[in-house]
Amino acid sequence: MVLVLGGPIKALNDGLTNWLSGFDQSQLAVLGIVLGLMMAFDMGGPVNKVAYVFATTGLANAGDSVSSTPAIIMAAVMAAGMVPPIAMALATVLRKSLFSESEVENGKAAWLLGASFISEGAIPFAAADPLRVIPSIMIGSGVSGALVAAFGCTLRAPHGGLWVFGLVGNWPMYLVAVAIGTVVTALLVIVAKNIKPGVSDEELEEAVA
C-alpha cells in the first residue's frame, strides 16, 4: 500500500485539496455542492475523507471565529454526510417492498448512524445496488451542502451530527437543508429502483408518479 499506492493516492488527495482551496467566499454554494457530492461518493472512503479533512482543517485554523467561512464549510460537510444513511432509512420506510429484509433491518440502524454523522450507514445499500443508490445519495448530499452554504449555517464541532446541535448556527435552516436533501435522496432511490431496463414510457411515468 505504501510503496505502490501511497504516492498516487497522496497526489490525488493533495490535488483535490488544492482544488477545493481555490473556491472563494462568493462560491460557497458551489463549494457546498462539491463537498456534498464528495461526502456521498464513497461514504467514508478517500474522497469522503478529503472533503472532511478539508473542512476540519479549516475549522481548526479559524480559531474562535464562529461565523467564518470554515464554520460554514464544516456545517455543509456534516449535513451532507448525515443525508445518505437517513435518506436510505426513510426510503425503506416509504417503500419497504423495494428492499431486502436485511436492508430493511439496516435501515433501522441507519437512522441513528445518520443522526450521528456516520455516513458509512449507507454502505450496505450502496453495495447492494450501487448504480441506483450512489447517484441518488450524491445528489441529495449535494443539495444539502449547497443549501447549508446558501443559508449561512455554521458549525463549530468537527463531528457529532445532531448530538452537537447546540453548536450549529442558524439551526432552523440547517434542519431544513438536511431534511430537503434527505427527501430528495429517498425519492430518487425509490424512483430509480422502480425503473427497470426496457420499461415503456407508461411504466416510467407510473414509476415517477
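This text goes with the structure placed above it.
Residues numbered from 1 in each chain as written. Predicted model: local features only at pLDDT ≥ 70, side-chain atom pairs only at ≥ 80, totals over all residues. Heavy atoms only, no water.

Student: Explain the overall build of the chain to me, using residue names and the numbers behind them.
Tutor: Secondary structure summary: the chain contains nine helices and two strands in total. The helix and strand sequence of the chain, counted from the amino end, reads α-α-α-α-α-α-α-β-β-α-α. When each of the 209 residues of the chain is scored for burial, the buried share is 47%. Taking the contacts inside the chain whose residues are at least 6 apart along the sequence as the reference set, 70% of them involve residues at least 24 apart. Per element, the accessible surface of the chain, about 10100 Å² overall, is 67% carbon and sulfur. (Helix = DSSP H or I, 4+ residues; strand = E, 2+ residues; numbered from the N terminus. Buried < 20%, exposed > 50% of the residue type's maximum accessible area, 1.4 Å probe, protein only. Contact = heavy atoms within 4.5 Å. Areas by Shrake-Rupley, 256 points an atom, 1.4 Å probe, with all protein chains shown as cover.)

Student: Pulling in residues and values, what's your account of the pattern of salt bridges?
Tutor: According to the stated counting rule, one finds three salt bridges in the structure shown. With its nearest N and O atoms 3.4 Å apart, the salt bridge here joins Asp 129 to Arg 132. Using a relative accessible area of 26% as the deciding quantity, one classes Arg 132 as partly exposed. Taking the shortest distance from any N to any O, the salt bridge between Asp 129 and Lys 193 comes out at 2.9 Å. With Asp 129 in the loop between α6 (123-128) and α7 (130-151) and Lys 193 in helix α8 (residues 171-194), the pair connects residues that are 64 residues apart, well separated along the chain. Look at the salt bridges and you will find they share partners, linking Asp 129, Arg 132 and Lys 193 into a network. (Salt bridge = Lys/Arg side-chain N within 4 Å of Asp/Glu carboxyl O.)

Student: Which residues make up a nonpolar patch on the surface, and what values go with them?
Tutor: Among the surface-exposed residues, Leu 112, Leu 162, Trp 163, Trp 171 and Leu 175 lie close enough to one another that they form a single nonpolar patch of about 540 Å² accessible area. Along the chain, Trp 171 turns up in helix α8. For Trp 171, a relative accessible area of 45% gives the class partly exposed. (Patch = residues over 30% accessible without salt bridge, like charges linked within 9 Å, V, L, I, M, F, W, Y side chains within 5 Å.)

Student: Residues and numbers for the packing of aromatic side chains, please.
Tutor: Applying the stated criterion across every chain, the model contains three aromatic pairs. Judged by centre distance (5.5 Å) and plane angle (65°), the rings of Phe 165 and Trp 171 are edge-to-face. Judged by relative accessible area, which is 26%, Phe 165 ranks as partly exposed. (Phe/Tyr/Trp six-rings, centres within 6.5 Å; stacked < 30°, edge-to-face > 60°.)

Student: Requested: an account of helix α2 (residues 28-41), with residues and values cited.
Tutor: For α2, built from 14 residues, the straight-helix expectation of 20 Å at 1.5 Å per residue is met to within 8% by its first-to-last C-alpha distance of 20 Å. Residues of α2 that are buried include every one of Leu 28, Leu 31, Gly 32, Val 34, Leu 35, Gly 36, Met 38, Met 39 and Ala 40, and no others. Met 43 lies just past α2 and shows a positive phi near 45°. (Expected span 1.5 Å × (residues − 1).)

Student: Describe in detail the nonpolar core, supporting the description with residues and values.
Tutor: General note: in soluble globular proteins, nonpolar side chains tend to be found buried as a group. Of all hydrophobic cores here, the largest spans 36 residues; its most connected members are Ile 73, Met 74, Val 77, Met 78, Val 148, Leu 155 and Tyr 174. Among the elements of the structure, α2, α3 (46-62), α4 (69-94), α7 and α8 are those that each provide at least two residues to this core. If you look at the next biggest cluster of nonpolar residues, it comprises 16 residues, including Phe 99, Val 133, Met 138 and Val 189. (Core = buried A, V, L, I, M, F, W, Y, C linked by side-chain atoms within 4.5 Å.)

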